[in-house]
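Structural description and commentary
Next come the chains, spelled out residue by residue.
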Amino acid sequence: MSSCTTSFSTKVSPTFRKNDIFLKKQMLGTISFSSKKDSYLGFTAQTSSQTDFVSAMDEDCKLELKSNYISDGYCKELEIAVRAVHMACLLCQRVQENLLSETSEHVHSKEDDSPVTIADWSVQAIVSWVLSEAYGSNVSIVAEEDVEALSKASAAGLLEAVVRTVNECLADAPRFGLKGPGTDLDAKAVLEAISRCSLAGARGSKFWVLDPVDGTLGFVRGDQYAIALALIEDGEPVLGVLGCPNYPMKKEWLSYQNGYRRILSRLSSSTSESSDRGSVLYARKGGGRAWMQPLLRGESKFVWPNAAREIRVSSIDNPALATFCEPVEKANSSHSFTAGLAHSVGLRNQPLRVYSMVKYAAIARGDAEIYMKFARAGYKEKIWDHAAGVLIIEEAGGVVTDAGGQPLDFSKGEYLEGLDRGIIACAGAKLHETIIGAVDASWNSSSL
Ligand SMILES: Nc1ncnc2c1ncn2[C@@H]1O[C@H](COP(=O)(O)OS(=O)(=O)O)[C@@H](OP(=O)(O)O)[C@H]1O
Ligand SMILES: [Mg+2]
Ligand SMILES: [Mg+2]
Ligand SMILES: [Mg+2]
């Protein structure tokens, strides 16, 4: 992604021609004419910098493109977010391999008994540091982890491991076309980077949302997990990046359940296969397009830029042929309710139980058609568990709502307030309607 492509249309004089733009825009790379209907001209523009593009168009062409471009843009933000997530994926792969080989690393329990590891804190530090370098230390980020446990005197060894992991990862920054810190970050700088990501520190209507490791349980069990970064503006995700370090470009290994650990250890010892071990998905709001990149190999000389492939949701709309995903843990979503619902709509395939937002990735990539999550009454879904996945599915052609058919509301702080019963993501509107109808039909007789 050394440059960014954006599409838009604008009203111009009927005599305006493609060459008028080409002649004046050498600095922009290419602008190609896509359609001319009445007095509207469609463009696809490739540019390396949002600012160049906007100012050049204004100056030379006298077109009012500024607001158009900015609302369709997020070009620079996406570029940085994708690179930060790639770095985070490699960090997590290294930590997970260490966990699996049972050498050193620690898994801790939070107050709600959920796990947290050095990968969760380290990724949060990395992403926070990269975004702060790009946008200043006032950048607004809301993320899952805090530094309470890490700052205790008894956690000195843990903090040391996090600082070491962060610095190892930042040393790799130039491979991703990013500038590293020059000298290693000390513990204070790492703690600062982590604690900067708080709801209290999120100013204004535009902020980043980060789940440094989603599906930490899957991560510590040597299975699927994701790194999820999104940008929210005016209550809606406008950019989403999902790093899936154990979800290769090829889909086969996704459905390999019961024994993922063995697959992983084989992959890490095999150079040819490990080159296709993970993927990073991303999208910007409004373009109707989403992409996927292979993860760079940890040890190789392969450097940025990385090639991307466009992804699209599945075209299957017949429940009998569809596959549905759901959380692995019964405690996180009712398996009995979805089993009844699956039966009622004629879903025949076994549910694909996968940890983390990899479920959203599976729908966006066309590897499954339906994702359902019905948490127990009283549980409030967090924005970082959904923002990136929702946008990527929508831009890849899918539909995501609550069980009442309403869009998820990212405008009320840390939680998805007002969520009706559960979350339903589908490859298309027809399947979505079917599932929503079935939830209504079976809800009252359920014990949820
Ligand atoms: N009780 C309860 N109900 C519903 N959801 C909960 C619950 N507790 C936690 N969480 C959140 O679920 C996130 C993991 O979701 P998954 O879909 O990966 O679930 S599962 O691990 O496959 O069962 C997980 O995200 P991470 O903490 O990032 O792993 C939690 O935010
Ligand atoms: Mg967690
Ligand atoms: Mg999560
Ligand atoms: Mg998490």
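Structural notes, computed from the coordinates. (Residues numbered from 1 in each chain as written. Chains lettered and ligands numbered in written order. Predicted model: local features only at pLDDT ≥ 70, side-chain atom pairs only at ≥ 80, totals over all residues. Heavy atoms only, no water.)

**Remarks on the overall build of the protein chain**
The helix and strand tally for the protein chain stands at 15 helices and 17 strands. The long-range fraction of contacts in the protein chain, counting pairs at least 24 apart against all pairs at least 6 apart in sequence, stands at 72%. Carbon and sulfur atoms make up 49% of the accessible area of the protein chain, which amounts to about 19,200 Å² in all. (Helix = DSSP H or I, 4+ residues; strand = E, 2+ residues; numbered from the N terminus. Contact = heavy atoms within 4.5 Å. Areas by Shrake-Rupley, 256 points an atom, 1.4 Å probe, with all protein chains shown as cover.)

**Remarks on the pairing of strand β17 (residues 423–426)**
Where burial is concerned, the two faces of β17 agree: the one with Ile423 and Ala425 and the one with Ile424 and Cys426 are both buried. The pairing of strand β15 (residues 370–373) with β17 spans 4 bridges and is classified as antiparallel. What sits directly across from Tyr371, in β17, is Ala425. Across 4 bridges, the pairing between strand β16 (residues 399–402) and β17 is antiparallel. Looking across to β17, one finds that Asp402 is bridged to Ile423. (Buried < 20%, exposed > 50% of the residue type's maximum accessible area, 1.4 Å probe, protein only. Pairing = 2+ DSSP bridges.)

**So, the packing of helix α5 (residues 118–135) against helix α7 (residues 156–170)**
The N-to-C vectors of α5 and α7 enclose an angle of 45 degrees; their axes lie 9 Å apart at closest approach. Regarding the angle of α5 to α7, the classification is oblique. Here α5 runs over α7; the crossing is right-handed. In this structure, α5 uses Ile118, Trp121, Ser122, Ala125, Ile126 and Trp129 to contact α7, whose residues at the interface are Leu158, Ala161, Val162, Thr165, Val166, Cys169 and Leu170. (Axes fitted to C-alpha atoms, helices over the stretch in contact; angles between N-to-C directions. Parallel < 35°, antiparallel > 145°, perpendicular 65-115°, else oblique. Left-handed = near helix turned anticlockwise from the far one by under 90°.)

**Focus on the coordination of the magnesium ion (ligand 3)**
Around the magnesium ion (ligand 3), the protein supplies Asp211 (OD), Asp214 (OD) and Asp385 (OD) as donor atoms, at distances of 1.9 to 2.0 Å. Going along the chain, you hit the donors of the magnesium ion (ligand 3) in the pattern D-x2-D-x170-D. Between the magnesium ion (ligand 3) and the magnesium ion (ligand 2), the interatomic distance is 5.3 Å. Judged on exposure class, the residue Asp211 and its partner Asp214 are both buried. (Donors = N, O, S within 2.8 Å, 3.2 Å for Na, K, Ca; no water.)

**A short note on the sheet that holds β16**
Spatial strand order, β14-β13-β15-β17-β16: 5 strands in an open sheet with mixed pairing. Every interior strand has two partners, whereas the edge strands, β14 (352–353) and β16, have only one. On top of the sheet, helix α12 (residues 335–345) reaches β13 (324–326), β14 and β15; it is set at about 170 degrees to β13, its chief contact. Here helix α14 (residues 387–395) sits on the sheet and contacts β16 and β17; the angle it forms with β16, its principal contact strand, is near 135 degrees.

**Quick word on α5**
If you check α5, its first and last C-alpha atoms are 25 Å apart, about what 18 residues at 1.5 Å a residue would give, namely 26 Å. The backbone nitrogen of Ala119 lies 3.0 Å from a side-chain oxygen of the residue at the head of α5, namely Thr117. Note on α5: the residue one or two positions beyond its end, Gly136, has a positive phi of about 90 degrees. (Expected span 1.5 Å × (residues − 1). Polar contact = N/O pair within 3.5 Å; in protein donor to acceptor, adjacent residues only side chain to side chain.)

**Concerning the site of ligand 1**
Around ligand 1, the surrounding shell holds 20 residues, and the nearest of these are Val328, Glu329, Ser356, Lys359 and Asp385. In the environment of ligand 1, an oxygen atom lies 3.1 Å from a nitrogen or oxygen atom belonging to the side chain of Asp214. Between ligand 1 and the protein, one listed contact pairs a nitrogen atom with a side-chain N or O atom of Lys373 at 2.9 Å. The fraction of the free accessible surface of ligand 1 (640 Å²) that becomes covered by protein chains is 88%. Per element, the largest residue contribution to the shell around ligand 1 is 3 residues, and it comes from strand β7 (residues 206–214). Of the residues that constitute the shell around ligand 1, the class distribution is 8 nonpolar, 4 polar and 8 charged. Each of two domains, domain 2 (75–311) and domain 3 (319–443), supplies a minimum of three residues to the shell around ligand 1. (Near = heavy atom within 4 Å. Nonpolar A, V, L, I, M, F, W, Y, C, P; charged D, E, K, R; others polar. Domains from an automatic or database assignment.)

**Section: the side chain of Glu145**
Note on placement: Glu145 falls in the loop between β6 (141–143) and α6 (148–151). Taking relative accessible area as the criterion, Glu145 reaches 4% and is therefore assigned buried. Side chain to side chain, Glu145 and Lys110 meet in a polar contact 2.9 Å long.

**Regarding the pattern of salt bridges**
Applying the stated rule across the entire model yields 19 salt bridges. Between Lys412 and Asp409 there is a salt bridge, with the nearest N and O atoms lying 2.8 Å from each other. Salt bridges here are not isolated pairs; linked through shared partners, they connect Arg94, Asp172 and Arg175. (Salt bridge = Lys/Arg side-chain N within 4 Å of Asp/Glu carboxyl O.)

**Digging into the nonpolar core**
Cys92, Trp208, Phe219, Leu239 and Val241 are the most contacted members of the largest nonpolar core, which totals 66 residues. Here this core gets 14 residues from one element, more than from any other, and that element is helix α4 (residues 75–100). Not counting chain neighbours up to four residues away, the residues in contact with Val241 comprise Leu78, Ala81, Val82, Val85, Ile227, Ala228, Leu229, Val280, Leu281, Tyr282, Ala388 and Ile392. Within the second largest apolar cluster, 44 residues are counted, among which are Ala226, Tyr247, Met249 and Trp384. (Core = buried A, V, L, I, M, F, W, Y, C linked by side-chain atoms within 4.5 Å.)

**Points about the sheet that holds strand β8 (residues 226–233)**
Strand order across the open sheet formed by 7 strands is β6-β7-β8-β9-β10-β11-β12, with mixed pairing between neighbours. Looking at the sheet topology across the chains shown, the edges are occupied by β6 and β12 (309–311). Adjacent strand axes in the sheet meet at a mean angle of 20 degrees when their direction is disregarded. Here 7 bridges tie β7 to β8, and the two strands are oriented antiparallel to one another. Following the sheet pairing, Trp208 is matched in β8 by Leu231.

**Side note on the packing of aromatic side chains**
Each aromatic ring pair is described using two quantities: the centre-to-centre distance and the angle formed by the ring planes. Considering all chains together, one arrives at 7 aromatic pairs under this definition. Note on Phe337 and Phe374: the rings are 4.9 Å apart at their centroids and 80 degrees apart in plane angle, and the pair reads as edge-to-face. With Phe337 in helix α12 and Phe374 in the loop between β15 and α14, this pair connects stretches of sequence that are 37 residues apart. For Phe374, a relative accessible area of 0% gives the class buried. Residues Tyr360 and Tyr371 carry aromatic rings whose centres are separated by 4.9 Å and whose planes lie at 80 degrees to one another, so their mutual orientation is edge-to-face. Here Tyr360, found in helix α13 (residues 358–364), pairs with Tyr371, found in strand β15; they are 11 residues apart in sequence, far enough to count as distant. Comparing Tyr360 with Tyr371 shows no difference in burial state: the two are buried. Cluster of aromatic residues (ring-pair linked, three or more members): Phe337, Phe374 and Trp443. Above the face of the Tyr247 ring, Arg365 is positioned so that its terminal group lies 3.7 Å from the ring centre. (Phe/Tyr/Trp six-rings, centres within 6.5 Å; stacked < 30°, edge-to-face > 60°. Lys NZ or Arg CZ within 6 Å of the ring centre and 35° of its normal.)

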